[in-house]
Amino acid sequence: MLTPASVINRRNLLIASGVAAAGAGLGLASGSGTGEATASPVAQARTVVGAAPAAAAGPAAAPSKAGTTLQSVAAPHGTAGYRRLADGPGWKRVLRTDLAAAKSGRDTRRTALACFVQLTDLHLSDVQSPLRTEFLRAAQLSGWRPQETLTVAGVASLIERINGLRGGSATGAPIGFVMTTGDNTDNNSQLELDWFLTAMSGGRITPNSGDPKGYEGVQDSGLKLFWQPDAALRDADKQLGFPRLPGFLDAAIREVTSPGLTVPWYSTVGNHDMLSSGAYAAGSFWTDLATGSRKLQAVSATEAAKLLKTIRSGKDPKGTAVQDAIRAHLPKARTVTADERRAPFSPHQYLAAHLAPKYKGAGPVGHGYTAANLADNQLYYAFTVAKGVIGVSLDTTDRGGHYNGSLGTAQLRWLEKTLNAHKDRHVLVFSHHTSTSMANLNPDPAKPHEKRHSGAELLALLNKHRNVLAWINGHSHQNRITPHGGFWEITTASHIDFPQLARVIELADNHDGTLSLITTLVESAAPHTTDFGDLSQTGLASLYRELAFNKPGASTALAGKPADRNTELLLKKR
């Protein structure tokens, strides 16, 4: 328990109230968006393999670069200080023949098998939550994002872009579905989960918590460590050229309307969805802190550096060091408005929310998850991508803590059975973590004796199955495409850090003994050029991108190399 009396324990109240309502009216998830599904007997009821998604059945259009990074990419003016963005030249498509040779004429022969969009690392963030660790910025300037207040507006604009795409830029095939690959939320918060599901399904979101009348967080704290957009204070970011924007915080917590995706969408879970701060195993401390009224905003640079070192080591999966620091400073921490909606959600609550009818949107019910997933508390499944193609969504988060991941033995065996059962179909594997970030083997508290398996072990399993074409993931916030024996690992950048991208993936049969995976990156629909006087929803979405570009200490490598961006990835047809 937290020691100050102002922090109230609300766990029992939460469990007894709104959480239970999220599971009401549960229906069996569909693999098609039509309300029907046929379960695989080998993979059991967690596998939903039925008809292809309804949206995939439409006619192909003429291929178009419109709305993609083939046409234009946000690019900065100037060479120093705070840099404004504008339209820049597009990125060309790169042909990669690491796994198969290219044969001439394939673009005129090919047949589209599937077309879909990958979203990853949306990090919809309640930036006012006491759970956040912004105070770590004292040790590393890049440890806090000035753009985080605008995640909801940014995601709504990204959804607008996807809805406006005419189809695959290479084949013209209609977009059949969208898959998120984790870190949909940032703080494992019930409020953030509602924002994510509402954004994807369509509706109105008020990106505010605590005091309904105003913002309470580090950006109105008066601390020079953080950008104070409304104030004249010469903070650390304004010293680097960040603007003063009176009215910014009021605009940032104003209601946002999301159009919702117009095609079926599926969900994969990430570490930020299941762990407090994306790194710590669940516990009463984090629940009490999140729902309480004290928010720690500052510690010394020396203490922040020590905490960062401990977090990165992976040797403190329960976050004991951070807990101790918060307890020590809590009596002098800022008093904020408590909010029960900030409570962490469990895997069961995550599943129940996906299955809730109000979040169905374009479907399918459950967005990949079924009543069987809910009964078993298991967040992995298989589904039909298109005729002859299935998708497999994995849960790579370690419930024992730390931001890197792994797989439990039961899930690894389920995956092998699923691959064997569908050996006559092409397989696309989706997960949050990459092959190189699955090295954390902390035991699952719910299954303490179950062995955890690394990314190297998963690579070995996938390479044994010739029907696996791609492993599609995120987590690293960086574009990277890597060949592995007989398949491609496609890692896509986040939508919270610049360049804020999603990826369209087309699968085509070239009718010459090869297949092509064609990847095309897209930005949100917001204009590249910002107007500091425009604090509308669209204006904030543009500003979201520009602030992300200018974040102090931001990596310049997240876009990846040209061969990691817009590509054609050749494979041997097996």
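Conventions we followed
Residues numbered from 1 in each chain as written. Predicted model: local features only at pLDDT ≥ 70, side-chain atom pairs only at ≥ 80, totals over all residues. Heavy atoms only, no water. Phe/Tyr/Trp six-rings, centres within 6.5 Å; stacked < 30°, edge-to-face > 60°. Helix = DSSP H or I, 4+ residues; strand = E, 2+ residues; numbered from the N terminus. Buried < 20%, exposed > 50% of the residue type's maximum accessible area, 1.4 Å probe, protein only. Lys NZ or Arg CZ within 6 Å of the ring centre and 35° of its normal. Pairing = 2+ DSSP bridges. Axes fitted to C-alpha atoms, helices over the stretch in contact; angles between N-to-C directions. Contact = heavy atoms within 4.5 Å. Expected span 1.5 Å × (residues − 1). Parallel < 35°, antiparallel > 145°, perpendicular 65-115°, else oblique. Left-handed = near helix turned anticlockwise from the far one by under 90°. pLDDT = per-residue confidence, 0-100. Polar contact = N/O pair within 3.5 Å; in protein donor to acceptor, adjacent residues only side chain to side chain.

## As for the packing of aromatic side chains
In step 1: With the rule as written, the count across this model stands at 20 aromatic pairs.
In step 2: Geometrically, the ring pair formed by W227 and F248 is tilted, given 5.1 Å between the ring centres and 55° between the ring planes. Placement of W227 in the loop between strand 8 (203–205) and helix 6 (248–252) and of F248 in helix 6 is noted, with a sequence separation of 21 residues between them.
In step 3: On the basis of relative accessible area, W227 is assigned to the buried category, the value being 0%.
In step 4: Considering the side-chain rings of F285 and W286, the 5.0 Å spacing of their centres and the 85° angle between planes classify their relative orientation as edge-to-face. Note on accessibility: F285 and W286 belong to one class, buried.
In step 5: Ring-pair connections join several aromatic residues into one group, and the members of that group are F116, F177, Y266, F345, Y350, Y369, Y381, F383 and F430.
In step 6: Directly above the ring of F532 sits R84, whose terminal nitrogen or CZ lies 3.8 Å from the centroid.
In step 7: When the ring centre of W91 is taken as reference, the NZ or CZ atom of R565 above it lies at 4.5 Å.

## Some thoughts on the sheet that holds strand 6 (residues 111–119)
In step 1: Taken together, the seven strands give an open sheet; going across it, the order is 5-23-22-21-6-7-10, and neighbouring strands pair in mixed fashion. Both outer strands of the open sheet, strand 5 (94–96) and strand 10 (265–268), are each paired with one neighbouring strand and no more. When the angles between neighbouring strand axes are averaged without regard to direction, this sheet yields 20°.
In step 2: Bridge count for strand 5 against strand 23 (residues 567–572) is three bridges, and the pairing is parallel. Each residue of the ladder has a partner; that of R96, found in strand 23, is L569.
In step 3: Across the face of the sheet, helix 4 (residues 151–164) comes into contact with strand 6, strand 7 (177–181), strand 21 (502–509) and strand 22 (514–522) while running at roughly 170° to strand 6.
In step 4: Contacts from helix 5 (residues 190–201) reach strand 6, strand 7 and strand 10, with the element oriented near 155° to strand 10.

## Observations regarding helix 15 (residues 537–550)
In step 1: Taking 1.5 Å of rise per residue, the 14 residues of helix 15 would be expected to cover 20 Å, and the 20 Å separating its terminal C-alpha atoms lies within 8% of that figure.
In step 2: Counting buried positions over the 14 residues of helix 15 gives 11, a clear majority of the element.
In step 3: All of the buried residues along helix 15 are G539, L540, A541, S542, L543, Y544, R545, E546, L547, A548 and N550.
In step 4: Along its buried surface, helix 15 packs onto strand 3 (72–76), strand 4 (85–89), helix 4 and helix 6.

## Some remarks on the pairing of strand 23
In step 1: Taken across its six residues, strand 23 has five buried, putting it largely inside the fold.
In step 2: In the sheet, strand 22 pairs with strand 23 via six bridges, with the strands oriented antiparallel. Across the sheet, the residue bridging to S516 is L570, located in strand 23.

## Re the environment of S104
In step 1: Within the element layout of this structure, S104 appears in the loop between strand 5 and helix 3 (106–109).
In step 2: With 408 residues separating them in the primary sequence, S104 and D512 have C-alpha atoms 9.5 Å apart.

## Concerning the packing of helix 13 (residues 409–421) against helix 14 (residues 455–463)
In step 1: Between helix 13 and helix 14, whose axes approach to 11 Å, the crossing angle comes to 15°. With respect to their mutual orientation, helix 13 and helix 14 come out roughly parallel. Helix-helix and strand crossings are classified by hand; for helix 13 and helix 14 the assignment is right-handed. When helix 13 is examined against helix 14, the residues L412, L415, E416 and L419 are found in contact with a partner set consisting of L458, L461 and L462.

## Quick word on the confidence of the model for the protein
In step 1: The predicted model of the protein averages 91 in pLDDT, with 90% of residues at 70 or higher.
In step 2: Taken as a whole, residues 1–45 scores under 50 in pLDDT and shows 96 contacts with residues more than four places along the chain or in a different chain.

## Things to note about the side chain of N208
In step 1: Note on placement: N208 falls in the loop between strand 8 and helix 6.
In step 2: A residue is classified by how much of its surface remains accessible, and N208, at 7% relative accessible area, is buried.
In step 3: Of note is the side chain of N208, whose polar atom sits 2.7 Å from the side chain of Q128.
In step 4: With near-sequence residues (within four places) excluded, N208 lies in contact with Q128, L191, W195, G214, I253 and R341.

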